[in-house]
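An overview of the molecular structure
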Amino acid sequence: MKKEDNFELYQTQVQTNVSFTSFFTAVVIFFVGLLITKFDSYDILIKVPIALLIISVFGFLYSTLIFANASEEASQRRYNKLKKYLFLGDILSEYLGIYLLVLSIPLVINVVTNDIFLRIITILSSLIGLAIYQFSHFSVLERHFGKANYLISTLIILFGIILFISQIYNYYFIQVSIAFIVFILLIVCISYIKLNKNS
C-alpha cells in the first residue's frame, strides 16, 4: 500500500472519529439537560451522576476538537503529529467520554426510579456490555496498556459495581466517586505520558 493511500485511510478514520464523538457529545448534552430540568434541588445522589455526565461531555467535546485538528495533519501529510492527535483523541473519548457515560447511566436510573427491575437491568447491561467490550480486544485501553488492560478493565468494572451499591445505600458514595474520577484521570495522565515518550 502506498503512503498516499495510508493518508486517505487516516483521513477517513478522522472523519469517522469526528462523527462519532460529535454524536455522543450531543447525546450526553441532551441527557444532562433532561436531568437538570427534572430536579428542583440536587441531592448528592444526583449531583455525582450529573457531574460524571458533564465530564463525559467534555471528554467527547475535546476529543472531537482534537480529531478535527487531526484532519489538517492528515491533509498536510504529517504522519507523526496525526498519530499523536488520533491517540490523544482516543484517550479522551474512551476514558473520559465512554467510561463515565456508561457508568453514570445506572447511577441516574437509581435516582429517577425505585423500580428494582429497571435498576438491575441497567447495571447488568452497563457492566456486561463494558466487560465484553473491554475483554474482547476492541478497547483502546488494550492498545495503550497491553496486558495491564485486564487489571485496569477489571478495576473499572469493580468501580461500577461499588458506585452502584454505595449510591443505593448512600454509604461512602462521595468518596468512591472521587476515587473513581481520580483513577480515570490517572489512566488519562499515564496514557498521555506514554504518548509523549513515544513521540
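Anyway, here's the lowdown on the structure attached to this text. (Residues numbered from 1 in each chain as written. Predicted model: local features only at pLDDT ≥ 70, side-chain atom pairs only at ≥ 80, totals over all residues. Heavy atoms only, no water.)

Some details on the overall build of the protein
Applicable threshold: Put simply, DSSP marks the helices as runs of H or I at least four residues long and the strands as runs of E at least two long, and each gets a number from the N terminus on. C-alpha atoms define the radius of gyration in this analysis, and the globule rule sets the expected value at 2.2 Å times the number of residues to the power 0.38. In this description, contact between two residues means that some pair of their heavy atoms is separated by no more than 4.5 Å. In this count, Lys and Arg are taken as positive residues and Asp and Glu as negative ones, while His and the chain termini are left out. Just so you know, the charge point we use is NZ for Lys, CZ for Arg, CG for Asp and CD for Glu.
Across its full length, the protein holds seven helices and zero strands. Written out in order from the N terminus, the α and β elements of the protein read α-α-α-α-α-α-α. Relative to the 2.2 N^0.38 estimate, which gives 16 Å for 199 residues, the radius of gyration of the protein is 18 Å and therefore close to what a compact globule would have. With respect to the three principal axes, the spread of C-alpha positions in the protein is 60 × 35 × 25 Å. In the protein, 73% of the contacts between residues at least 6 apart in sequence involve partners at least 24 apart. Both charge centroids of the protein, one from 14 positive and one from 11 negative side chains, sit 7 Å from each other.

Observations regarding the packing of aromatic side chains
Put simply, the test is: The aromatic pairing rule takes the rings of Phe, Tyr and Trp, using the six-membered ring of Trp, and pairs them if the centres are within 6.5 Å, calling planes under 30 degrees apart stacked, those over 60 edge-to-face and the rest tilted. To sort residues, take the accessible area from a 1.4 Å probe on protein chains only and compare it with the maximum for the residue type: under 20% means buried, over 50% means exposed, and anything in between is partly exposed.
In the structure shown here, the tally under the stated rule is nine aromatic pairs. Between tyrosine 95 and tyrosine 99, the aromatic rings sit 5.8 Å apart at their centres with planes inclined by 20°, giving stacked as the arrangement. Taken as a pair, tyrosine 95 and tyrosine 99 lie in helix 3 (residues 79-112) at a separation of four residues, close to a single helical turn. You'll find tyrosine 95 and tyrosine 99 in the same group, each marked buried. Taken together, the ring pairs connect Phe20, Phe23, Phe24 and Phe60 into an aromatic cluster.

Considerations on the pattern of salt bridges
Rule in force here: Here, a salt bridge means any Lys or Arg side-chain nitrogen found within 4 Å of an Asp or Glu carboxyl oxygen.
Within the structure shown, the criterion is met by three salt bridges. We note a salt bridge from glutamate 72 to arginine 78, for which the minimum N-O separation is 3.7 Å. Under the relative-accessibility criterion, glutamate 72 is labelled partly exposed at 45%. We classify arginine 78 as partly exposed; its relative accessible area is 34%. Among the ionic pairs, arginine 78 bridges to glutamate 73, the shortest N-O distance being 2.6 Å. Taking the relative accessible area as the measure of exposure, glutamate 73 reaches 4% and is therefore buried. Residues joined by salt bridges that share partners form a network here, namely Glu72, Glu73 and Arg78.

Looking at the environment of leucine 101
Considering the arrangement of structural elements, one finds leucine 101 in helix 3. Look at leucine 101 and you get buried, because its relative accessible area is 8%. Linking leucine 101 and proline 49, residues 52 residues apart in sequence, is a C-alpha distance of 9.0 Å.

A few points about a nonpolar patch on the surface
Note the following rule: Candidate patch residues must exceed 30% relative accessible area and have no salt bridge, after which like charges are joined if within 9 Å and Val, Leu, Ile, Met, Phe, Trp or Tyr side chains if within 5 Å. Areas reported here follow the Shrake-Rupley algorithm with a probe of radius 1.4 Å; residue values treat only the protein chains shown as occluding.
Together, Leu151, Leu155, Leu158, Ile161, Ile162, Ile165, Ile168, Tyr169, Tyr171 and Tyr172 make up an exposed nonpolar region whose accessible area comes to about 1000 Å². Mapped onto the elements, leucine 155 comes out in helix 6 (residues 148-169). In this structure leucine 155 comes out as partly exposed when scored by relative accessible area, which is 32%.

Some thoughts on the nonpolar core
Proteins that are soluble and globular tend to have nonpolar side chains buried together. We apply this condition: Only buried residues count toward a nonpolar core, which is a set of Ala, Val, Leu, Ile, Met, Phe, Trp, Tyr and Cys residues joined through side-chain atoms within 4.5 Å.
Judged by nonpolar contacts, the single largest core of 42 residues is most densely connected at Tyr95, Tyr99, Leu141, Ile156, Phe180, Ile184 and Ile187. Residue assignment for this core shows that the elements contributing at least two residues are helix 1 (3-38), helix 2 (44-75), helix 3, helix 4 (116-135), helix 5 (140-145), helix 6 and helix 7 (173-198). Sort the elements by how many residues they give to this core and helix 3 lands first, with 11 residues. Here phenylalanine 180 is in contact with Leu52, Leu100, Leu103, Phe159 and Leu163, once residues within four sequence places are set aside. Grouped together as the second largest cluster of nonpolar side chains are eight residues, Phe7, Val14, Ala74 and Leu86 included.

Quick look at helix 6
Heads up, the condition is: Helix span, as expected, comes to 1.5 Å for every residue beyond the first.
Compared with the 32 Å implied by 1.5 Å per residue over 22 residues, the 32 Å span of helix 6 between its first and last C-alpha is a close match. When helix 6 is considered as a whole, its buried residues turn out to be Asn149, Ile152, Ser153, Ile156, Ile157, Phe159, Gly160, Leu163, Phe164, Ser166 and Gln167. Of the surrounding secondary structure, the elements contacted by the buried residues of helix 6 are helix 2, helix 3, helix 4, helix 5 and helix 7. After helix 6 finishes, the residue asparagine 170 shows a positive phi value of roughly 50°.

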